[in-house]
Amino acid sequence: MKIIVAGGDGFCGWPTALYLSKQGHDVSIIDSMVRRKIDDELHSNSITPIASLEDRVAKWKELTGKEIRTYEGDLQHYDFLQQVMEQEKPEAFVHFAEQRSAPYSMIDREHAVYTQVNNVVGNLNVLYAIKEMAPDCHLIKLGTMGEYGTPNIPIEEGYLEVEHKGRKDRLPFPKQPGSFYHLSKVHDSHNIMFACRVWGIRATDLNQGIVYGLDTNETNMDPVLTNRLDYDGVFGTALNRFIIQSAIGRNLTVYGKGGQTRGFLNLEDTVRCVEIAAEKPAEPGEFRVFNQFTEDFSVLELAERVKKVAEEEGYHVDVDHLENPRVELEEHFLEAVNTNLLDLGLEPHFLTDDVIRHILKAVIEHKERVIEENVLPSVSWK
Ligand code: NAD
Ligand code: USQ
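Values in this document were obtained by computation on a predicted structure and should not be read as measured data.

Draft legend 1. Here's a closer look at the sheet that holds strand E8 (residues 202-208). As summarised here, the arrangement of the 7 strands in space is E3-E2-E1-E4-E5-E8-E12, forming an open sheet in which the pairing is parallel. The open sheet has two edge strands, strand E3 (69-72) and strand E12 (287-292), and neither has a second partner. If you compare each strand with its neighbour and ignore which way they point, the axes differ by 20° on average. Sheet topology places strand E1 (residues 2-6) next to strand E4 (residues 92-95); 4 bridges connect them, and they run parallel. Across the sheet, the residue bridging to Ile4 is Phe93, located in E4. This element, helix H4 (residues 78-88), spans E1, strand E2 (26-31), E3 and E4 of the sheet and lies at about 165° to E3.

Okay, structure coming up:
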């Protein structure tokens, strides 16, 4: 299958591009490199040293004989996207290419506007490019579980059967996101759903939970293929961040009470979920929604899991409860359905102590790269 991976230089996109290429698909990457520029803006870095995209794909070709074509450009620039689509005529378009940090979107007005323009306009351009140049192409769009927020009822996969004043309908599940970033994903979902209904586009919205892990079989093949891994207060996510904090002798930063409960999945499952969606595409006109996570944990539970494993490895770890920089419920109900991907064959890699130990050992190798002042949260929601 001819597949474009937009955002293919990023944390999820790079391992996905390699995995799809290894599976025999004809893969090309679009990326504007903006994530690397944001590192410069924030004076931050990936804890793992990462090679340029050019070197990464050259190494992949040397090791496997497989070519991954690359297009450096911004999805907001329609002329650029048109050229790529005309050249590639993809059967699937995997769309990771968005500003994905909630704290980054809450820094100030400029960052909120940047996030929503980048994400919403980029996605709208992708929808038009599919309509105009590859109408049968299946859009596989990375959404987020955070679109739903934390309602006091179980979360369904995209839709809710509602009975109201004696009438019934299947309606989009209500969305109560917690940041301007998460809101951008809600806007994307609405635009995609509309494009499916009006133009007959086929699309799958993958409402992904928080991804943990660093490597996959493919990124492990050579140091040049190493994936990025964020630890800072803006782009680092729970669990990965806790593991890195324990490796560098810092207290684990639980925000508030730590009862915030989220869906999580291993990076190895991210790449497989995208493959499953690509191999079993949505029907023309169908807006399909999969909740892409395998387990849920509270933040405090994760901190305690990491503390236990790190202490077994000889590190002393304390858990701090910092004043929460975000506005969110710290104790709440969370139950979400995630059966669509399991029904299509996903075999989850669950979070075991060995998985935590593996990430810990991998990050310890690079701990001298951590910029200490970036570890604590610096962005307030208020
Ligand atoms: P990332 O920032 O590491 O990668 C995103 C990539 O997209 C970067 O390489 C960046 O340069 C590129 N990009 C951004 N805007 C672009 C544009 N307009 N044009 C071209 N390229 C652009 O992020 P990630 O962690 O790999 O996340 C990928 C996707 O998955 C995002 O859409 C994110 O919202 C979603 N997601 C991530 C997680 C997670 O835990 N990391 C969880 C749920 C959903
Ligand atoms: N948290 C802490 N301590 C930390 C970091 C986070 O307690 O050091 C808490 C946050 O307050 C929040 C929860 O952990 O309650 C999750 O925060 P996060 O930074 O791990 O994840 P989030 O901001 O939700 O964003 C990440 C990705 C985003 C993706 C989302 C999936 O950056 O791209 O969309 O996870 S989800 O959470 O399902 O919406």
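Having seen the model, we can carry on.
Draft legend 2. Geometry of the layout of surface pockets. By volume, the second largest pocket amounts to about 250 Å³. Residue lining of the second largest pocket: 13 residues in total, with Leu214, Asp215, Asn220, Thr226 and His366 positioned closest to the centre. Along the lines of polarity and charge, the residues of the lining of the second largest pocket split into 4 nonpolar, 6 polar and 3 charged.

Draft legend 3. Representation of the sheet that holds strand E11 (residues 261-266) in the model. Strand order in this open sheet of 3 strands is E9-E11-E13, and the pairing throughout is mixed. Lying at the two open borders of the sheet, with one neighbouring strand each, are strand E9 (210-212) and strand E13 (295-298). Each strand axis lies, on average, 45° off the axis of its neighbour in the sheet, ignoring direction. Lying on the sheet, helix H9 (residues 267-279) is in contact with E9 and E11; it crosses E11 at an angle near 75°.

Each value, and the rule that gives it
- Residues numbered from 1 in each chain as written.
- Chains lettered and ligands numbered in written order.
- Predicted model: local features only at pLDDT ≥ 70, side-chain atom pairs only at ≥ 80, totals over all residues.
- Heavy atoms only, no water.
- Pairing = 2+ DSSP bridges.
- Helix = DSSP H or I, 4+ residues; strand = E, 2+ residues; numbered from the N terminus.
- Axes fitted to C-alpha atoms, helices over the stretch in contact; angles between N-to-C directions.
- Contact = heavy atoms within 4.5 Å.
- 1 Å grid on protein atoms, 1.4 Å probe; cavity = no way out; pocket = protein on both sides within 12 Å on 5 of 7 lines; lining within 4 Å.
- Points joined across faces, edges and corners; volume = space filled by probe spheres on them.
- Nonpolar A, V, L, I, M, F, W, Y, C, P; charged D, E, K, R; others polar.

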